[in-house]
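# Summary of structural features
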Amino acid sequence: INNKIPPRNCTWREKFNQLNKNGIDFAFFLKFNNSLRNMSPEVFISEILDSINLRSFTVGDDFRFGANREGDTNQLREWGKEKNILVTGIASNRSISYAIAKILQENGANVIISYQNDRLKERVIKLAEELKISDNPYQCDLSKDDEILNLRDAVVKKFGNIDGIIHSAAFAPREELSGKYLDNVTRDGFSQAHDISSYSFTAMAKEAKSMLNDNSALLTLTYLGSIQTMPNYNVMGLAKASLEANT
C-alpha cells in the first residue's frame, strides 16, 4: 500500500487504518473462533464468500484458508470464474425460466438461452435484450434429438464447458388439460406430454454430460400436481411425476 508493505503481523485496528487511508469505505472482520478454525474451504466459500455476494477477492501471495490450511488461491480462482448457465424454455417475460435467467444475470452468471422454434425467435431475442444477454439465443426443440445435439455443439464452440442447465420445458395437448382425466387422455397426448415434459430432461443430460464442469448442476421444474390430484392438470400430473423420478 502506497509502495510500503505493512508488517504481516499487525492488529485488526492497524489493518483497518491502512484500509481507511486508501479509500476503503467499509470493512468487516471475521472473529477467528473454533467454528471458523474448523471450517472446511468448501463451507467457507458457500457460507461466507457466497453470502456477501463478492465481485472480486484480493489475497496475499501465500494465502491459505479453511481447516488445516487446505484451501488455496487456485480454489478461489475456480470459485471466482464466471459461471456459464444454459436456460431453456423461455417463451415470454411471464415464463418462470425468464425470472430464473434474470436472477442469474443479475448475480454475475453468463446466461445462455434457447427457444423452441421460429415462431418464438423474435420474441425471445427481444427478451434477451431486456436481460442484457449479449449472445443471440439458440433454437432448440427439445423433442428433437438432432436439435439438442446442435445446441450442445454450438454452446461448446462458443463457451466451452458450462456450469449448469435450467430445464423449463413442459407440454400437453390443450384438450387433455380440461375435464376428467380418463375422458380426455389419449395415447398420443400421453406420449407427447411425457416426451417433452420428462424425457427431454434426460435427453439434455445425456448429451450435456461431456460439457459440464465439476460441481455443475442440472435443475428442472415440477408442480404439486405430481403428487396429488389438481383440477384439469390431468396427464401433466403424471408427466411431472415421471420428471421427478427422472432426477
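Residues numbered from 1 in each chain as written. Predicted model: local features only at pLDDT ≥ 70, side-chain atom pairs only at ≥ 80, totals over all residues. Heavy atoms only, no water.

## So, the overall build of the chain
Along its length, the chain carries 10 helices and five strands. Its C-alpha atoms give the chain a radius of gyration of 24 Å, more than 25% over the compact-globule value 18 Å for 247 residues. C-alpha atoms of the chain, sized along the principal axes, occupy 80 × 40 × 30 Å. Relative to its 247 residues, the chain shows a buried fraction of 32%. A separation threshold of at least 6 residues defines the contact pool for the chain, and within that pool the share at least 24 residues apart is 64%. If you sum the accessible surface of the chain, you get close to 16200 Å²; carbon and sulfur atoms cover 49% of it. Measuring between centres, the 30 positive side-chain charges of the chain sit 7 Å from its 31 negative side-chain charges. (Helix = DSSP H or I, 4+ residues; strand = E, 2+ residues; numbered from the N terminus. Rg over C-alpha atoms; globule rule 2.2 N^0.38 Å. Buried < 20%, exposed > 50% of the residue type's maximum accessible area, 1.4 Å probe, protein only. Contact = heavy atoms within 4.5 Å. Areas by Shrake-Rupley, 256 points an atom, 1.4 Å probe, with all protein chains shown as cover. Lys, Arg positive; Asp, Glu negative; His and termini not counted. Charge placed at Lys NZ, Arg CZ, Asp CG, Glu CD.)

## With respect to a nonpolar patch on the surface
On the surface, W12, F16, L19, I24 and F29 cluster together into a nonpolar patch covering about 450 Å² of accessible area. Among the structural elements, F16 can be located in helix α1 (residues 12–21). Exposure remark for F16: the relative accessible area of 33% places this residue in the partly exposed category. (Patch = residues over 30% accessible without salt bridge, like charges linked within 9 Å, V, L, I, M, F, W, Y side chains within 5 Å. Salt bridge = Lys/Arg side-chain N within 4 Å of Asp/Glu carboxyl O.)

## Considering the pairing of strand β2 (residues 110–115)
For β2, a buried count of five out of six residues is recorded, marking the element as mostly surrounded by other parts of the structure. Across four bridges, the pairing between strand β1 (residues 84–87) and β2 is parallel. Its bridge partner being in β2, V87 is matched across the sheet by I113. Traced from β1 through helix α5 (residues 96–106) to β2, the parallel crossover comes out right-handed. Two strands pair when backbone bridges link them, and β2 and strand β3 (residues 138–139) are joined in this way by two bridges, in the parallel orientation. Residue pairing for β3: S114 is matched across the bridge by Y138. Regarding the hand of the β-α-β motif, the stretch spanning β2, helix α6 (residues 118–130) and β3 is right-handed. (Pairing = 2+ DSSP bridges. Right-handed = clockwise from strand over helix to strand, strands pointing away.)

## Observations concerning the sheet that holds β3
Here five strands make up an open sheet; going across it, the order is β3-β2-β1-β4-β5 and the pairing parallel. Only two strands of the sheet have a single neighbouring strand rather than two, namely β3 and β5 (212–220). By the bridge criterion, three bridges tie β1 to strand β4 (residues 162–167) in an arrangement that is parallel. Note on β4: the bridge partner recorded for V87 is I166. Its contacts with the sheet place α6 against β2 and β3, and it is angled at close to 160 degrees to β2. In the packing of helix α9 (residues 187–208) onto the sheet, the strands contacted are β1, β4 and β5, and the crossing angle to β4 comes to about 170 degrees. (Axes fitted to C-alpha atoms, helices over the stretch in contact; angles between N-to-C directions.)

## Some points on unusual backbone geometry
Phi is positive for R69, which is not a glycine, with a value near 55 degrees. Its place among the elements puts R69 in the loop between α3 (41–49) and α4 (73–80). Even without being glycine, N234 reaches a positive phi, approximately 45 degrees. Using a relative accessible area of 12% as the deciding quantity, one classes N234 as buried.

## Describing the packing of α9 against helix α10 (residues 235–246)
The interhelical angle for the contact between α9 and α10, taken along N-to-C directions, is 25 degrees, at an axis separation of 9 Å. Overall, the two elements α9 and α10 adopt an arrangement that is roughly parallel. Once α9 is placed against α10, the crossing between them reads as right-handed. Seen from α9, the contacting residues are F190, A193, H194, S197, S198, Y199, F201 and T202; seen from α10, they are V235, M236, L238, A239, S242, L243 and N246. (Parallel < 35°, antiparallel > 145°, perpendicular 65-115°, else oblique. Left-handed = near helix turned anticlockwise from the far one by under 90°.)

## Considerations on the packing of aromatic side chains
Applying the stated criterion to the full structure yields three aromatic pairs. Each ring, one from F44 and one from F65, has its centre 5.3 Å from the other, and the planes form 50 degrees; the classification is tilted. Of this pair, F44 sits in helix α3 while F65 sits in the loop between α3 and α4, and the two are 21 residues apart along the sequence. With respect to burial, F44 and F65 carry one shared label: buried. Consider the rings of F63 and F65, whose centres lie 5.8 Å apart with planes at 20 degrees: the pair is stacked. Three or more aromatic residues joined by ring pairs make a cluster, and in this case those are F44, F63 and F65. (Phe/Tyr/Trp six-rings, centres within 6.5 Å; stacked < 30°, edge-to-face > 60°.)

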